[in-house]
Each structure stands twice: as C-alpha cells, then as structure tokens.
Amino acid sequence: MNPLHDALRYLGEGLDLTREQSREAVAQIMGGEVPEPMVAAFLTALRVRGETPENLAGAVQAVRDRMVPLDSEGRVTPSLDTCGTGGDGACSVNISTATAIVVAACGVPVTKHGNRSATGNSGSAEVLVELGVSIEVDPTILRRCRDDLGLTFLFAPMFHPALRFASPVRRQLPFRTLFNLIGPLVNPALPTYQLIGVPLERVGQLMARVIEQQGLQRAAIVTGADGLDEVSLGGPTKVLWVQDGSTRSLTWTPDTFGLPPVHADQLRVSGPAESAARIRDLFAGRPGPARDTVLANSAAALLVAGRVGDLREGVDTASRSIDTGAASSLLERWGRMSRGEA
C-alpha cells in the first residue's frame with residue numbers, strides 16, 4: 001500500500017482526492033520515507049488542480065494527529081491567533097506579528113503560531129528573533145509567557161516535528177503549497193479566535209469551509225485588495241466571517257477603520273532586520289503606513305476576539321496600547337521572559 005503513489009495517480013488522471021486519501025498521503029510524507037521528487041509532485045499537482053476542502057481537511061487531520069500539544073494535560077485556554085498563509089510575494093513588514101503584540105497589550109491573550117518564511121523574506125520566527133524574543137525554548141517558558149504576559153509564540157517545528165520532511169521541498173518550490181494552508185489551522189494551543197490572512201479569495205473560501213467544521217468560536221479570513229495576506233488599506237479588504245458553523249462575506253475599506261490609504265509598496269522591507277526596525281519605530285510612536293496597517297489589523301483582531309464592538313473602536317483601543325507604551329513594554333518583557341531573564 002502506497003497512499004502517496006495512489007494519490008499521484010488519481011491527481012494525474014484529473015480526479016479529486018477524498019479527505020481520507022489526502023490524510024493518508026500527508027501522513028506518509030510526515031513519516032519521512034518519501035523521496036523529495038514525489039513530495040514535490042504531490043504539492044505541485046494539488047496546486048495546479050486547485051486544493052479542495054476535502055484535501056485540506058484531510059491534511060489538517062494528518063498533522064493534528066502528530067502534533068505536540070502545548071499543554072500535555074489537555075488544557076485549552078481561550079486565546080487568539082493572528083497569522084497568514086504567506087505566499088503573497090509582497091515582502092512586507094511582519095504585520096501579523098506586530099498585531100499580535102498590540103492586541104496582547106490590549107488584554108486579549110494571544111498564542112501565535114508561526115514559522116520561518118518558506119516563500120517570503122521575513123517570517124514571524126525571523127522577525128521575533130530580531131526583536132529579541134527567543135523562539136526555540138522549553139514549553140515551560142512558553143506556558144509562562146502565555147500565563148503571565150498573555151502572549152507566546154509557538155514555533156511550528158517544535159510542535160510539528162514531522163513537518164520537517166516537507167520543508168526542503170517547500171523551500172525549493174516557488175509558490176504557495178498545501179502546507180501554507182495547513183499552518184494556520186494546526187495551532188497546538190487550539191485558539192478560540194483567529195484572524196487569518198490569505199492572498200486569494202479562493203483560498204479564503206477553502207479555509208472557511210474547513211474552519212466551519214473545527215468548532216472555532218469566531219474567525220475572520222481576510223484578503224487585501226493589493227494581494228496582501230493581511231487587512232489592507234490599499235483598497236477594499238474581502239472578509240469571510242466564520243461563526244457558529246457558517247460563513248458570511250463582508251468588505252472593509254480604509255474608511256471603515258477611519259484610516260488613510262496605504263499601498264503595499266509602502267510596507268516593503270528587505271528582510272527581518274528592517275522589519276523589526278519598523279515595528280520598533282511604530283511601537284515608539286512613529287506615524288506612517290506601517291502603524292496604520294498594524295492598527296487596522298489589530299482592530300480586526302480585537303473585533304474577532306469580542307474585545308470591541310466595531311472597527312473604529314478597535315483602532316482607538318489599539319492606538320492607546322501603542323501610545324501609552326504598553327505594546328513596547330510588553331515586547332521588552334516578552335523578550336526577557338523568553339530568554340529566561342525574568
């Protein structure tokens with residue numbers, strides 16, 4: 001029996017995989033005994049054909065079956081995750097990472113799940129290291145950060161060690177793959193709320209179908225007008241609001257937030273060092289496109305978490321957490337605690 005071989009044969013014949021076929025194929029990849037060309041063929045075939053909700057749901061189950069939980073006793077603490085699938089090619093400042101810090105400084109517990117970049121030039125892991133946060137630490141420290149600060153980062157390779165077998169292929173392929181879609185759906189803390197960025201509306205619809213079945217309390221899946229996998233101020237942001245097992249479509253514009261337009265090229269950075277510098281600057285009170293975009297995303301996250309009643313209130317709340325120094329202070333305390341210095 002060779003599930004991956006069978007899956008490739010089905011895809012080669014123009015057939016869709018069932019949920020179980022997808023689960024078995026991904027499980028075989030995670031077993032570490034599959035040649036890289038077969039992994040590349042599988043991911044490429046799915047991308048060309050277009051992943052289905054059944055493909056994604058099966059793959060998510062395969063990864064969840066093997067993930068290391070944050071709490072071995074099965075405890076689940078209500079929290080928010082802010083993340084994107086990546087693959088938008090924008091090379092922008094790490095908006096979702098800055099948003100996580102701002103929202104946590106507003107009093108919403110955040111368990112952010114992330115990794116090094118597979119398709120861009122600055123993933124959440126790289127920028128957090130530049131910001132002074134240790135990411136490969138004992139789970140005891142991660143839980144302490146969560147419980148004492150209301151903010152922690154779950155570095156995906158620590159909780160999904162079997163995904164390392166797909167990493168070399170992902171780095172070589174010049175496009176988003178199935179594993180980009182899996183990442184936001186396998187947070188080992190099992191968050192209650194999620195703000196998820198995707199670069200294409202079709203991908204958002206796909207993820208919404210899977211999230212509807214997961215029992216999340218609430219999620220917003222956002223696609224920026226300029227291709228950002230974030231809430232965008234470059235034009236209308238398409239939103240899929242998932243709650244109570246159903247999805248409705250919304251549109252947010254810069255005016256919805258009361259913020260000025262920001263074009264994607266105003267957020268471009270050369271790498272993690274520049275991204276970290278821009279995050280520190282906005283936390284220090286510098287106005288500009290990075291701050292405005294982080295405020296918009298923070299407002300969306302606060303709305304998803306039920307902390308505010310509308311997006312403009314969310315912008316005001318997020319602004320205060322920056323202007324009072326709460327976000328900057330939280331980042332510094334997080335860095336010290338993650339390094340075992342506090």
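To be clear, the structure that these remarks concern was listed above.
1. Comments concerning the overall build of the protein chain
Looking only at helices and strands, the protein chain has 16 helices and seven strands in total. Here the C-alpha atoms of the protein chain give a radius of gyration of 19 Å, agreeing with the 20 Å that 2.2 N^0.38 yields for 342 residues. Each principal axis of the C-alpha distribution contributes one length, and for the protein chain these read about 60 × 45 × 40 Å. A total of 342 residues make up the protein chain; the buried ones form 54% of that total. If you take every contact in the protein chain between residues at least 6 apart in sequence, the share linking residues at least 24 apart comes to 73%. In the structure as shown, the protein chain presents an accessible area of about 13,300 Å², 48% of it carried by carbon and sulfur atoms. Distance between charge centres in the protein chain, computed from 33 positive and 37 negative side chains, equals 1 Å.

2. Here's the deal with the pattern of salt bridges
For the structure on display, the rule yields 13 salt bridges. Among the salt bridges present, the one from Asp-255 reaches Arg-312, with a minimum N-O distance of 3.4 Å. Placement of the pair is Asp-255 in helix H12 (residues 254–257) and Arg-312 in helix H15 (residues 311–323), with a sequence separation of 57 residues. Here Glu-332 and Arg-280 are joined by a salt bridge, their closest N and O atoms 2.8 Å apart. Note that Glu-332 is positioned in helix H16 (residues 326–338) and Arg-280 in helix H13 (residues 272–283), a separation of 52 residues in sequence. For Glu-332, a relative accessible area of 35% translates into the label partly exposed. Accessibility expressed as a relative area gives 33% for Arg-280, which makes it partly exposed.

3. Considerations on the state of the cysteines
Under the definition given, this model contains zero disulfides. Cys-91 takes part in no disulfide bond, and the closest cysteine sulfur to it belongs to Cys-83, at a distance of 19 Å. With no disulfide of its own, Cys-145 has Cys-106 as its nearest cysteine by sulfur position, at a separation of 19 Å. Judged by relative accessible area, which is 1%, Cys-145 ranks as buried.

4. Observations concerning the pairing of strand S5 (residues 218–223)
Extensive coverage of S5 is indicated by the burial of six of its six residues. Of the two faces of S5, the one carrying Arg-218, Ala-220 and Val-222 and the one carrying Ala-219, Ile-221 and Thr-223 are both buried. Sheet analysis places strand S4 (residues 193–197) next to S5, joined by five bridges and oriented parallel. Within S5, the residue paired with Gly-197 across the bridge is Val-222. With helix H11 (residues 201–211) bridging S4 and its parallel neighbour S5, the resulting β-α-β unit is right-handed. Inspection of the sheet shows S5 paired to strand S6 (residues 237–243) by six bridges, in the antiparallel sense. Looking at S6, one finds that Ala-219 is bridged to Val-242.

The rules behind each value
Residues numbered from 1 in each chain as written. Predicted model: local features only at pLDDT ≥ 70, side-chain atom pairs only at ≥ 80, totals over all residues. Heavy atoms only, no water. Helix = DSSP H or I, 4+ residues; strand = E, 2+ residues; numbered from the N terminus. Rg over C-alpha atoms; globule rule 2.2 N^0.38 Å. Buried < 20%, exposed > 50% of the residue type's maximum accessible area, 1.4 Å probe, protein only. Contact = heavy atoms within 4.5 Å. Areas by Shrake-Rupley, 256 points an atom, 1.4 Å probe, with all protein chains shown as cover. Lys, Arg positive; Asp, Glu negative; His and termini not counted. Charge placed at Lys NZ, Arg CZ, Asp CG, Glu CD. Salt bridge = Lys/Arg side-chain N within 4 Å of Asp/Glu carboxyl O. Disulfide = S-S within 2.5 Å. Pairing = 2+ DSSP bridges. Right-handed = clockwise from strand over helix to strand, strands pointing away.

From the geometry alone we can't say anything about function, so treat these as descriptive.
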